[in-house]
Amino acid sequence: MHQFPRPRARRLRPTVRDTWLVAAAAAVFGDPQPVFAQRVDDNAATSAGDAFGQAIGNERVGLYTVDDVRGFNPVDAGNTRIDGLYFAPVDRPPNRLIRGSKVRVGISAQGYPFPAPTGIVDYDLSVSGQADQVTLGFERAQFGSRVLNLDVLQPVAEGLKVYLGGTIRRQNRHEGGNFKSYIASGGLSWEPYAGARVAAFYGRTRTYDDEAAPSIFPGGDYLPPQIQRRAMIGQSWSKRDNTQELMGALARLPFGNWNFEAGLFRAERRFDANFTDLFAGMRPDGTTPNRIMVADANNLDRTLSGEARLTRTFGKPSLAHRLIVSFRGRTGNRRFGGVQRIALGESSLNFADERPRPVFAFGPDDTDAFGQATLGLGYTLTAPGRFLFDIGISGSRYRKTLTFVSAGLVTSVRDRPVMGSVTGSLNLTPTLAIYGGHVRGFEEVAVAPANAANRGAVPPAIRTQQTDLGLRYAVTPALSLVAGVFTITKPYYNLDEQANYRELGSSSNRGVEMSLTGSVRPGLTMVLGNVLLDSRISGELVDSGRIGLRPIGSIRRRSIATIDWRLGGGKSPLSLDLAAESFSARIGNIGNELSAPPRETIDLGLRYRLSVVKAKGLLRLQVANVLDDYGWQVAANGAFQYSTGRRFLAELRFDL
């Protein structure tokens with residue numbers, strides 16, 4: 001039996017607080033986006049090759065994110081890479097450790113070794129950067145949040161560089177309340193000879209004093225009432241405390257026509273204190289007869305993963321062959337369960353319904369242990385400017401053991417799946433190419449949510465598949481159109497009538513996605529994207545009418561438009577930007593009788609480039625959700641939370 005540690009009061013140092021005098025004249029907005037090793041000249045919009053998802057620093061552009069690709073979550077599925085090498089995440093990597101990320105799906109996955117049905121998120125390490133860097137950044141983020149960032153990448157000897165990065169953040173949450181966090185990261189990069197690289201790194205993030213915001217579950221086919229934004233209606237004692245670490249090493253060693261690549265990564269996440277505030281059975285007036293606080297502590301999630309890959313290239317420049325032999329592996333364990341459900345009874349969303357801090361006592365922890373080893377073979381045939389053909393096959397040995405201590409139940413699963421892919425592209429003309437492929441995968445399932453009777457449990461990995469077909473057309477040398485269709489099928493997991501998280505049927509996501517990206521004229525860049533989704537569930541529960549046809553949280557359409565205009569034909573120090581995003585209605589419950597209305601947001605911003613002595617600087621100002629649109633987000637378990645309102649942000653960044 002364990003108890004929460006005593007709360008520790010922490011404050012930012014006055015010297016950090018005082019730095020905000022530098023940016024006090026400006027107010028800007030922003031989601032609490034991740035903070036990466038971002039330079040003054042970095043711009044996600046102007047560097048995007050398509051509209052399917054890219055992040056550089058604290059900027060993100062595109063239809064998809066690391067949490068949502070074609071209606072699924074690639075991080076939950078385990079489809080993540082670091083500098084192209086496989087690793088098994090426990091969460092997003094510590095932010096300063098990572099420079100940015102790219103979603104590889106559709107045409108951007110062509111020729112990528114061993115693609116996955118749910119798409120791949122490829123993270124770029126800060127220590128892998130080529131340019132020397134000393135960047136200092138100050139932010140006045142949403143609702144007065146304060147952030148201080150530092151990134152250093154410098155040579156210390158011939159071929160040897162060191163990276164150091166850090167962040168101190170005090171974040172004011174859009175739901176009310178706040179949290180504090182710090183990030184510390186570092187690494188070494190060595191180039192023993194031309195084209196070779198060996199790197200090692202470590203990153204740690206701690207987030208604490210993070211009050212849990214309510215998760216709202218309507219008791220019928222009606223929306224929650226419009227709650228006053230930023231009013232803290234959670235419990236002041238529900239402060240979450242978690243720490244995440246990621247360390248590893250990787251190597252790329254070319255020799256002649258051979259290339260050896262390897263990476264080994266250890267990831268860990270610890271929850272010393274965790275809370276979920278459930279408003280179950282909410283009435284139309286915002287009251288509930290059954291408010292429950294789910295308290296948890298001493299949770300641990302740990303993985304050791306990596307890949308070793310040997311590549312051989314041969315042939316002529318006009319017709320090149322590539323052979324790949326890859327070994328990927330992961331092993332890990334989780335400690336979860338032992339939760340305490342605290343019934344608060346009658347309550348309301350309309351005011352701060354503070355309750356006394358209870359005495360915490362938890363039950364025994366449950367455990368989850370897993371391992372997987374995968375051997376893969378791949379072959380690529382490329383004729384530059386004419387065609388690309390890629391085929392891969394992989395075989396795995398997989399095991400998972402779940403132990404529910406309180407129930408005296410042990411469940412073990414072993415499997416030997418075979419995965420494969422066939423993809424290719426063909427240039428019909430110098431400006432028009434078609435692409436397509438079929439991928440079969442073996443992916444993880446999301447953790448059972450807080451309102452599940454088996455909270456925290458993770459089902460065994462599942463078989464998935466994807467087929468896509470599309471085209472790319474060069475409208476001009478600087479403007480590219482990509483359009484495609486896809487279908488993805490996998491088992492569907494959610495809560496049954498007894499609130500057990502289990503397989504309820506089969507899901508299929510069919511869609512049409514479009515991207516128009518590039519420069520319209522000197523200094524004017526646009527990223528336009530649209531995806532139409534048809535998400536469906538099939539199986540006995542749908543046929544009997546016990547659940548609806550569409551998954552909770554699914555949408556039919558998402559559209560984005562980002563425009564970046566640098567004045568003076570791209571030479572002025574001033575640039576203006578606009579970002580618009582539109583969602584269709586979102587399915588709100590398992591029976592499909594409730595939907596959250598469509599939402600639209602517009603963000604406006606500017607950048608001004610300056611010099612102070614010898615330092616290059618950037619002043620970044622933004623206003624997000626200019627029209628203060630009020631909408632509802634719906635999680636896959638049916639929890640409602642209101643969207644973030646209008647907010648302001650200022651950032652001052654220097655390359656020293």
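Look above for the structure.
Residues numbered from 1 in each chain as written. Predicted model: local features only at pLDDT ≥ 70, side-chain atom pairs only at ≥ 80, totals over all residues. Heavy atoms only, no water.

Chemist: Kindly report on the overall build of the protein, identifying the contributing residues and their values.
Modeler: When helices and strands are counted, the protein shows five helices and 36 strands. Radius of gyration (C-alpha) of the protein: 25 Å, near the 26 Å computed for a compact globule of 656 residues. Projected onto its principal axes, the C-alpha positions of the protein cover 75 × 60 × 45 Å. By the burial criterion, 56% of the 656 residues in the protein qualify as buried. The contacts in the protein between residues at least 6 apart in sequence include a share of 68% that link residues at least 24 apart. In the form shown here, the protein has an accessible surface area of approximately 27300 Å², with 59% of it arising from carbon and sulfur atoms. Both charge centroids of the protein, one from 79 positive and one from 61 negative side chains, sit 4 Å from each other. (Helix = DSSP H or I, 4+ residues; strand = E, 2+ residues; numbered from the N terminus. Rg over C-alpha atoms; globule rule 2.2 N^0.38 Å. Buried < 20%, exposed > 50% of the residue type's maximum accessible area, 1.4 Å probe, protein only. Contact = heavy atoms within 4.5 Å. Areas by Shrake-Rupley, 256 points an atom, 1.4 Å probe, with all protein chains shown as cover. Lys, Arg positive; Asp, Glu negative; His and termini not counted. Charge placed at Lys NZ, Arg CZ, Asp CG, Glu CD.)

Chemist: Give a detailed account of the layout of surface pockets, specifying residues and quantitative values.
Modeler: As a volume, the largest pocket reaches approximately 490 Å³. Taken together, 24 residues line the largest pocket, and the ones lying closest to its centre are Phe217, Pro218, Asn451, Leu495 and Asn637. Those elements that place two or more of their residues in the lining of the largest pocket are strand 12 (214-218), strand 14 (258-282) and strand 25 (479-495). For the lining of the largest pocket, the class distribution of residues is 13 nonpolar, eight polar and three charged. (1 Å grid on protein atoms, 1.4 Å probe; cavity = no way out; pocket = protein on both sides within 12 Å on 5 of 7 lines; lining within 4 Å. Points joined across faces, edges and corners; volume = space filled by probe spheres on them. Nonpolar A, V, L, I, M, F, W, Y, C, P; charged D, E, K, R; others polar.)

Chemist: Which residues make up the environment of Leu516, and what values do they have?
Modeler: On the secondary structure map, Leu516 appears in strand 26 (residues 501-521). Under the relative-accessibility criterion, Leu516 is labelled partly exposed at 22%. Contacts of Leu516, omitting those with residues within four sequence positions, involve Val475, Leu479, Ser480, Leu481, Met526, Val527 and Leu528.

Chemist: Describe unusual backbone geometry, with residues and values.
Modeler: For Arg70, which is not glycine, the phi torsion reads 55° and is therefore positive. By the secondary structure assignment, Arg70 is in the loop between strand 2 (59-61) and helix 3 (74-77). Arg70 sits in the buried class, given a relative accessible area of 1%. Of note in this structure, Asp628 is not a glycine but carries a positive phi near 55°. Residue position: Asp628 is located in the loop between strand 33 (615-624) and strand 34 (632-634).

Chemist: I'd like a rundown of the packing of aromatic side chains, residues and numbers included.
Modeler: Per the counting criterion, the structure on display carries 15 aromatic pairs. Ring centres of Phe360 and Phe362 lie 6.2 Å apart, and the angle between their planes is 5°; on these two criteria the pair is classed as stacked. The residues Phe360 and Phe362 share a single accessibility class, namely buried. By the ring-pair criterion, three or more aromatic residues cluster together here, those being Phe87, Tyr123, Phe201 and Phe265. Directly above the aromatic system of Phe486 lies the positively charged group of Arg70, at a separation of 4.3 Å from the ring centroid. The ring of Phe114 carries the charged tip of Arg328 above its face, separated from the ring centre by 4.8 Å. (Phe/Tyr/Trp six-rings, centres within 6.5 Å; stacked < 30°, edge-to-face > 60°. Lys NZ or Arg CZ within 6 Å of the ring centre and 35° of its normal.)

Chemist: Before we move on, can you summarise the side chain of Arg81 with the specific residues and values?
Modeler: Along the chain, Arg81 turns up in strand 3 (residues 80-82). Notably, Arg81 is buried but unbridged: the nearest opposite-charge side chain belongs to Glu307, and the N-O separation is 5.2 Å. Sequence-distant contacts of Arg81, that is, excluding residues within four places in its chain, are made with Tyr86, Phe87, Tyr112, Phe114, Ile120, Val121, Asp122, Tyr123 and Arg328. (Salt bridge = Lys/Arg side-chain N within 4 Å of Asp/Glu carboxyl O.)

Chemist: I'd love a proper account of the pattern of salt bridges, names of residues and values included.
Modeler: As enumerated under the stated definition, the model contains 47 salt bridges in all. Note that Arg173 is salt-bridged to Glu175, the shortest N-O span being 3.0 Å. There is no split in this pair, since Arg173 and Glu175 are both buried. For Arg355, the salt bridge is made with Asp353, and the minimal N-O distance between the two is 2.8 Å. Exposure remark for Asp353: the relative accessible area of 13% places this residue in the buried category.

Chemist: Break down the pairing of strand 15 (residues 287-296) for me, with residues and values.
Modeler: Within strand 15, eight of the 10 residues are buried, which leaves it mostly tucked inside the rest of the structure. For strand 14 and strand 15, the ladder comprises seven bridges, and the chain directions are antiparallel. Across the sheet, the residue bridging to Phe275 is Ala295, located in strand 15. Hairpin connection, strand 14 to strand 15: the antiparallel pair is bridged by four residues, and Gly286 has positive phi, about 90°. Two elements, strand 15 and strand 18 (residues 340-348), share seven bridges in a ladder whose sense is antiparallel. Paired with Arg291 across the two strands is Gly345, which belongs to strand 18. (Pairing = 2+ DSSP bridges.)

Chemist: An account of the pairing of strand 6 (residues 120-125) is requested, with residue identities and associated values reported.
Modeler: Every other side chain in a regular strand lies on the same face of the sheet, so the side chains alternate between the two faces. Among the six residues of strand 6, five are classified as buried, and the element is accordingly described as predominantly covered. The pairing of strand 3 with strand 6 spans three bridges and is parallel. Looking at the pairing, Arg81 lines up with Asp122 of strand 6. The sheet contact formed by strand 5 (residues 98-104) and strand 6 spans six bridges and is antiparallel. The partner of Arg104 across the bridge, within strand 6, is Ile120.

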